[in-house]
Amino acid sequence: MSDKKKFETRYEELGWEYKDVKPRQAIRINSINAKEVVVTKRLRSLGIELEKIPFLKNGYSIRKSKFSVGATSEYLLGLYSIQEAAAQIPATLFTEPKDNVVLDACAAPGGKTVQLADLMQNTGAIIALDIEKRKLTALSNHLERCHVRNTIVYQIDARQASRLKVKFDRILLDVSYSGNFVTDKDWFKKRTIKDVKRNARLQREILTEAAKVLKDDGEIVYATCSLEPEENELNIDWTIKNLKLQVEKISCYGEKALTSVFGKKLDSSIEHCRRIWPGQTQGFFVCKLKKRGCAQ
Amino acid sequence: MNQIKDFVSRFQTRISLDKNLILKRRDTYFLLNDSLKRLISKDIFYAGTYLGKAKRGKFFPSFNLLRMIAGKKANKVIVDKKTEWLFICGRDIFKQGITEVMGSKKKGDYTLILNQHGECLGFGKILCNLDKVKDGVVIENISDIGDFLRREKQHG
């Protein structure tokens, strides 16, 4: 059986029939730099056809454009960012992040860091980590372009965040993941179940470190753009059982996550996580965690 | 710090920066705020507001710093839409593309380049006295925000 067929069979077992999808490109207006109505008017005057994404506050999909939306003055001036629609969800799930100390543990290339700064209106502080210098350069350029002023970037592995000796109010874990076929046309040729399991182990190490540096009343948002349950529901089930964290209810686009995976019954609270099968957006998984006993 | 002051003065203006909040990492300058200053430890890659970089005695400003200068009374020219795009693509500025001049018109001075919305696109050097010439290239492009795209291409 080919690797593609193996994955398709897995998705069927999880209740989704594989189909090839091509979601539209999406942008997010940086509200600290310009009013939404002003930016959309300027883009429409350039001939870019936009459609508001109903489940996002500042998100628009590109219906039609004769040129790249990454090559306009408005983009270069930081008035908007190009950010996939589902990827715009995680940062919005934090309870009021203004004035908080926030960890963005796997930050590059910085789309969500800039979004966090926007939601925080450049208040408080974001500590952004990543390991590859090339990616950190891209992150730094992104911060400069979008006028972000509240972020410190370190070249540190997320698994060593406690080296900073800081406790965080909010932690975004947009962890390294296996990805999905929507954003990478060669995905099925490149990925194996072994890769998925290796990534899942890495993600558990990152979750463990995040639990150590989270304040007692803090929040973690965990997200992947993977469809594989090892990186999603199974990791969160492991987290509940091993890290004294619990899943919080969230309200956002997506289906209830799976509570039964390949015959294994998971903690019932995992249904509060959200799983997004590819369609209007790429595949995605997101959830919010708090320390047990500190839930709202 | 002096390099920043000297650079800003070339636009015939001044900006006040709290030196206690300025961080120099190797040849790069950042402006912090109190929250960041409390949290920062050594070995940062980037912090707060990037101000620019000094290399071999020359100062290369960030677009953040240029925006700060643009918020003051300083040398500025406003350009039309077509010129805006050509400037972002790295071109010099023709006299015909300028719709308004503020501050110096003198050859050799630095001036900020703004679009019709008053947003700073970069800066250049005035090549000939702006009130004397009627056409031709009058401002040399030194730095423009198209650099973000060029950096993306360079770093992937």
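Within each chain, residues carry numbers counting from 1 in the order of the written sequence. In the order they appear in the text, chains get letters beginning with A and ligands get numbers beginning with 1. Per-residue local features of the predicted model are confined to residues with pLDDT of at least 70, and side-chain atom pairs are confined, for both listing and counting, to 80 or more; whole-chain, interface and lining totals are unaffected and use all residues.

## Comments concerning the overall build of chain B
Phase 1: When helices and strands are tallied, chain B shows 5 helices and 11 strands.
Phase 2: Whereas a compact globule of 156 residues would reach a radius of gyration of roughly 15 Å, chain B reaches 17 Å, a difference of no more than 12%.
Phase 3: For the C-alpha atoms alone, the extent of chain B along its principal axes is close to 55 × 35 × 30 Å.
Phase 4: Looking at chain B as a whole, 37% of its 156 residues are labelled buried.
Phase 5: In chain B, 49% of the contacts between residues at least 6 apart in sequence involve partners at least 24 apart. Secondary structure elements follow DSSP: runs of H or I no shorter than four residues count as helices, runs of E no shorter than two count as strands, and numbering proceeds from the N terminus. Only C-alpha atoms enter the radius of gyration, while the globule expectation follows 2.2 Å times N to the 0.38, with N the number of residues. Exposure in this text rests on C-beta crowding, where 20 or more other C-beta atoms within 10 Å of a residue's own make it buried, 12 or fewer make it exposed, and counts in between make it partly exposed. The C-beta atoms are placed from the backbone. Working definition of a contact: two residues with C-beta atoms, positioned from the backbone, lying within 7 Å.

## Digging into the overall build of chain A
Phase 1: Of the regular secondary structure elements, chain A holds 8 helices and 15 strands.
Phase 2: The C-alpha radius of gyration of chain A comes to 19 Å, within 12% of the 19 Å expected for a compact globule of 296 residues.
Phase 3: Expressed as lengths along the three principal axes of its C-alpha atoms, the size of chain A is roughly 55 × 45 × 35 Å.
Phase 4: For chain A, the proportion of contacts with a sequence separation of at least 24, taken over those separated by at least 6, is 75%.

## Remarks on the interface of chain B and chain A
Phase 1: Residue-level contacts link 28 residues of chain B with 25 residues of chain A.
Phase 2: For the side of chain B that touches chain A, the secondary-structure elements that each account for two or more residues are helix 2 (34-39), strand 3 (44-47), strand 4 (49-55), helix 3 (63-70), helix 4 (81-88) and helix 5 (147-155) of chain B.
Phase 3: Note on residue classes: Ala, Val, Leu, Ile, Met, Phe, Trp, Tyr, Cys and Pro are nonpolar, Asp, Glu, Lys and Arg are charged, and everything else, Gly too, is polar. Classifying every residue of the side of chain B that touches chain A by side-chain character gives 13 nonpolar, 11 polar and 4 charged.
Phase 4: Criterion used throughout: strands pair if DSSP finds at least two bridges between them. Where strand 7 (residues 151-155) of chain A lies against strand 3 of chain B, 3 bridges are found, and the strand directions are antiparallel. Paired with Val153(A) across the bridge in strand 3 of chain B is Tyr46(B).

## Let's talk about the domain arrangement of chain A
Residue and element names in this part refer to chain A.
Phase 1: Along its sequence, chain A is carved into domain 1 (3-15 + 85-291) and domain 2 (24-83).
Phase 2: Of note, the centres of domain 1 and domain 2, computed from C-alpha atoms alone, are 25 Å apart.
Phase 3: Every contact between the two is made by 15 residues of domain 1 and, on the other side, 16 residues of domain 2.
Phase 4: A per-element tally of the side of domain 1 that touches domain 2 places helix 4 (residues 111-119) first, with 4 residues.
Phase 5: Among the residues making up the side of domain 1 that touches domain 2, the classes are represented as 6 nonpolar, 7 polar and 2 charged. Reported domain spans reflect what an automatic or database domain assignment gives.

## Description of the sheet that holds strand 3 (residues 59-64) of chain A
Residue and element names in this part refer to chain A.
Phase 1: The sheet built from 4 strands is open, its strands ordered 2-3-1-4 with antiparallel pairing. Here the strands that pair on one side only, and so sit at the sheet edges, are strand 2 (49-52) and strand 4 (80-82). With strand direction ignored, the average angle separating the axes of adjacent strands in the sheet is 35 degrees.
Phase 2: With 3 bridges joining them, strand 1 (residues 26-29) and strand 4 adopt antiparallel strand pairing. Across the sheet, Arg-28 pairs through a bridge with Ser-81, a residue of strand 4. What counts as an axis is a line fitted to C-alpha atoms, over the stretch in contact for a helix, and the angles between N-to-C directions run from 0 to 180 degrees.

## What about the environment of Arg67(B)?
Phase 1: When you line up the elements, Arg67(B) lands in helix 3.
Phase 2: A C-alpha to C-alpha distance of 16 Å links Arg67(B) and Asn141(B), two positions 74 residues apart in sequence.

## Regarding the pairing of strand 8 (residues 168-174) of chain A
Residues and elements named next belong to chain A.
Phase 1: Buried residues dominate strand 8, accounting for 7 of its 7 residues.
Phase 2: The pairing of strand 5 (residues 101-104) with strand 8 spans 3 bridges and is classified as parallel. Looking at the pairing, Val-102 lines up with Arg-170 of strand 8.
Phase 3: Examined bridge by bridge, strand 8 and strand 9 (residues 214-224) share 6 bridges and lie parallel to one another. The residue bridging Phe-168 from the neighbouring strand is Leu-214, located in strand 9.

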